[in-house]
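Geometric and topological summary
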Amino acid sequence: MGGCKKSYLDQTPKDSLTPEQALSDESGLSSAVNGSYSDLRSVSAFGRDFTILGDLMGDNTYVEVKNSGRYLIQYNYTMSSSDGIANEMWANGYTGIMRTNRIIDADVTGTNVASIKAEAYAIRALLYFKLVNFFAKPFTDDQNALGVPLVLHYDPYNLPGRNKVSEVYAQIVSDLKTAFQTAPDLVNSSRFSKYSIEALLAKVYLYMGDNTNAKASAVDVINNSGFTLVSPANYDSYWADASFRDDMVETLFEVDADVINNNGFDDFAGMYFNGYSDIYCSQQLYNLYSASDVRKTVIQPGTTKSGAAAFVVTKFPNATSSDRDNIKVLRLSEVYLIAAEASLPGNEADAKMYLNALVAERDPSFAGYSSTGATLLNDIVNERRKEVAFEGDRFLDLNRLKMSIVRASNPGAIPGPLTISYPSDKRLSPIPLSEIQANPTIANEQNPGY
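Throughout, residues of each chain are indexed from 1 in the direction in which the sequence is written. With pLDDT at 70 or above as the cut-off, local features in this predicted model cover only qualifying residues; side-chain atom pairs require 80 or more to be listed or tallied, and sums for whole chains, interfaces and linings still use all residues. Only heavy atoms go into the side-chain values, all of them from the structure, while hydrogens and water stay out.

1. A word on the side chain of S371
To keep things clear, this is the line we draw: By definition, any uninterrupted DSSP run of H or I lasting at least four residues is a helix, any uninterrupted run of E lasting at least two residues is a strand, and each is numbered from the N terminus. Each residue's exposure class comes from its accessible area (1.4 Å probe, protein chains only) as a fraction of the maximum for that residue type: buried when under 20%, exposed when over 50%, partly exposed otherwise. Counting of polar contacts relies on pairs of N or O atoms within 3.5 Å, with two restrictions inside protein: one atom must be capable of donating a hydrogen and the other of accepting it, and residues adjacent in sequence are counted only when both atoms are side-chain atoms. Contacts were defined at the residue level, with two residues in contact if any of their heavy atoms lie within 4.5 Å.
Checked against the element boundaries, S371 lands in the loop between α13 (348–362) and α14 (373–387). Taking relative accessible area as the criterion, S371 reaches 12% and is therefore assigned buried. Among the polar contacts listed, one links the side chain of S371 to the side chain of D379, at a separation of 2.5 Å. Residues in contact with S371, not counting those within four places in the same chain, are K352, L376 and D379.

In structure tokens:
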């Protein structure tokens, strides 16, 4: 070694590219954004954790006694700072953000570069939206509370602290507005495009309590996107179809899981049916659906593995198929519910118009809502619970609305708390111990109770 030049030790790998080489042209940038979409499919993102916890930590689902050991501490609210699920969500989230940062910062020119970067901005916004909702107080509670670190450029030596919740949301809104300006045309439901980006923006505004902007964005999607609600007759086949869509029916954005790219036995759908079958619909939720509600058809009376009476979630029936269920992230039905909720308190007529437009496609025998005031808001929240059940939103909705979690007792369920009040320390995930130990800036910024 003493007889060699320094350049002998500084070699470029012959079988791989550096990030700078990989992102040096439009083709490389396109491949990189495909990789960013695959990050969303990870078990520690929408592929399971985000999606499962969003219902299990609320009041929609429970774990049965004969289980595989997954999500028990989350259901019981006994997490610690060394919790593996929180660590995985944090690590995967920031890995995905780092990859989008490289795409956004790449010095590349080309016909489609702006639209590719728009997708990266949207993916980064989506990841930050999930992270700030799991690891920080809701914007509607305390926008000055500690949020999550904003890391917008690749720097392996950066030791960031936690930004305020308001700063994180400001970045999310900025990313989505930037993405909207150069959004690509619709290809299919597995890619972000103009109106799926605007639908996410509407949802972000709703979580901020900014009803004016939430409604404006939601109404634009409803009126101008060209998307339609799935009809009652096609509801079951809509959920049974594991392929992405290009017909502009219902699905604005979903994470694709196909024959090759899927999570195998760790598939989120297998937690409910055709797999581990550990998690079941609560009787409390099931009883909210009327007999004529088509949404009841994807929840079937049955038994748990240990033989207790249960309601089996069959909304995602392809956990053992060669083509797995895609993970729905944004659907037009939710946009109608955003428009309805954001119309309050000032415009109850619009609130009922958007609410009843959706309900007419889900429960044709129901005459529609005529409620007012607090009762109308409660009706919208309940319809939201029924509509997006098992898609990962209920727990986060209860947090932003600062509502207690009130669970019903279910036969065959593991013991767990039936009431989790708001606020409660354990309704925030812990900043991972590994991050606390590795990053002195964040070492004193742990969430309370950990």
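Back to the text.
2. Side note on α13
As a reminder, the rule being used: Take the number of residues in a helix, subtract one, and multiply by 1.5 Å to get its expected span.
For α13, which comprises 15 residues, the first-to-last C-alpha distance of 21 Å matches the rise-based estimate of 21 Å (1.5 Å per residue) to within 8%. Among the structural elements, α9 (211–224), α10 (235–240), β6 (327–331), α12 (332–342) and α14 are those in contact with the buried residues of α13.

3. Here we look at the packing of α9 against α12
We apply this condition: Axes here mean lines fitted to C-alpha atoms, for a helix over just the part in contact, with angles spanning 0 to 180 degrees between N-to-C directions. Working definition: roughly parallel below 35 degrees, roughly antiparallel above 145 degrees, roughly perpendicular at 65 to 115 degrees, and oblique for all remaining angles. For any helix crossing, the convention is left-handed if the near helix is rotated counterclockwise from the far helix by under a right angle, and right-handed if that rotation is clockwise. Classification used: nonpolar for Ala, Val, Leu, Ile, Met, Phe, Trp, Tyr, Cys and Pro, charged for Asp, Glu, Lys and Arg, polar for all others including Gly.
Relative to each other, α9 and α12 sit at 140 degrees, their axes nearing to 8 Å. Looking at the two axes, α9 sits oblique to α12. For the pair α9 and α12, the crossing hand works out as left-handed. Here N211, A214, K215, A218, V219, V221 and I222 of α9 lie close against α12, whose contacting residues are L332, V335, Y336, I338, A339, E341 and A342. Within the contact of α9 with α12, the residues separate by chemical class into eleven nonpolar, one polar and two charged.

4. Quick look at the pattern of salt bridges
Condition: We define a salt bridge as a side-chain nitrogen of Lys or Arg found within 4 Å of a carboxyl oxygen belonging to Asp or Glu.
For the coordinates displayed, the defined rule picks out 28 salt bridges. A salt bridge links D59 to R394, with the shortest nitrogen-to-oxygen separation between them at 2.9 Å. Note that D59 is positioned in the loop between α3 (49–56) and β1 (61–63) and R394 in helix α15 (residues 394–400), a separation of 335 residues in sequence. As a salt-bridge pair, K386 and E383 come within 2.9 Å of each other at their nearest N and O atoms.

5. What to know about the side chain of R48
Counting through the fold element by element, R48 comes out in the loop between α2 (26–40) and α3. Here R48 falls in the buried class, since its relative accessible area comes to 7%. Beyond its immediate stretch of four places on either side in the chain, R48 contacts S42, V43, L53, R70, Y71, D266, D267, F268, M271 and Y276.

6. Details of the environment of S421
You can see S421 is positioned in the loop between β8 (419–420) and α16 (433–438). S421 gets classed as partly exposed once you look at its relative accessible area, which sits at 40%. Residues S421 and S404 lie 17 residues apart in sequence; the distance between their C-alpha atoms is 4.4 Å. Non-local contacts of S421, meaning those with residues more than four positions away in its chain, are made with S404 and R427.

7. Focus on the environment of R331
Examined against the element boundaries, R331 turns out to sit in strand β6. The class for R331 is buried, based on a relative accessible area of 2%. Separated by 174 residues in the primary sequence, R331 and Y157 place their C-alpha atoms 39 Å from one another. When residues no more than four places from it in sequence are discounted, the contact partners of R331 are Y238, W239, E250, L252, K315, R362, E387, V388 and E391.

8. What about the packing of aromatic side chains?
The relation between two aromatic rings is expressed through the spacing of the ring centres and the mutual angle of the planes. Rules: Centres within 6.5 Å are what make two rings of Phe, Tyr or Trp a pair, Trp counting through its six-membered ring; a difference in plane orientation under 30 degrees is then read as stacked, over 60 as edge-to-face, and the rest as tilted. Remark: a charge is flagged as sitting over a ring if the NZ atom of Lys or the CZ atom of Arg is within 6 Å of the ring centre and within 35 degrees of the ring normal.
In this structure the tally under the stated criterion is 21 aromatic pairs. When the ring of F50 is compared with that of F134, the centres are 5.7 Å apart and the planes differ by 15 degrees; the resulting orientation is stacked. Of the two residues, F50 sits in helix α3 while F134 sits in helix α6 (residues 113–135), which places them 84 residues apart along the sequence. The buried category is assigned to F134, whose relative accessible area is 1%. Ring centres of F139 and Y169 lie 5.3 Å apart, and the angle between their planes is 70 degrees; this geometry places the pair in the edge-to-face category. Of the two residues, F139 is situated in the loop between α6 and α7 (165–181) and Y169 in helix α7; the sequence distance between them amounts to 30 residues. Residues F139 and Y169 agree in their burial class; the two are buried. Just above the ring of Y286 sits the side chain of K296; from NZ or CZ to the centre is 4.6 Å.

9. Some details on the pairing of β6
What counts, and what does not: Note: two strands are recorded as paired if DSSP finds a minimum of 2 bridges between them.
With respect to burial, β6 is a largely interior element, five of its five residues being buried. Two strands pair when backbone bridges link them, and strand β2 (residues 251–255) and β6 are joined in this way by four bridges, in the antiparallel orientation. By the bridge assignment, E254 is partnered in β6 with K328.

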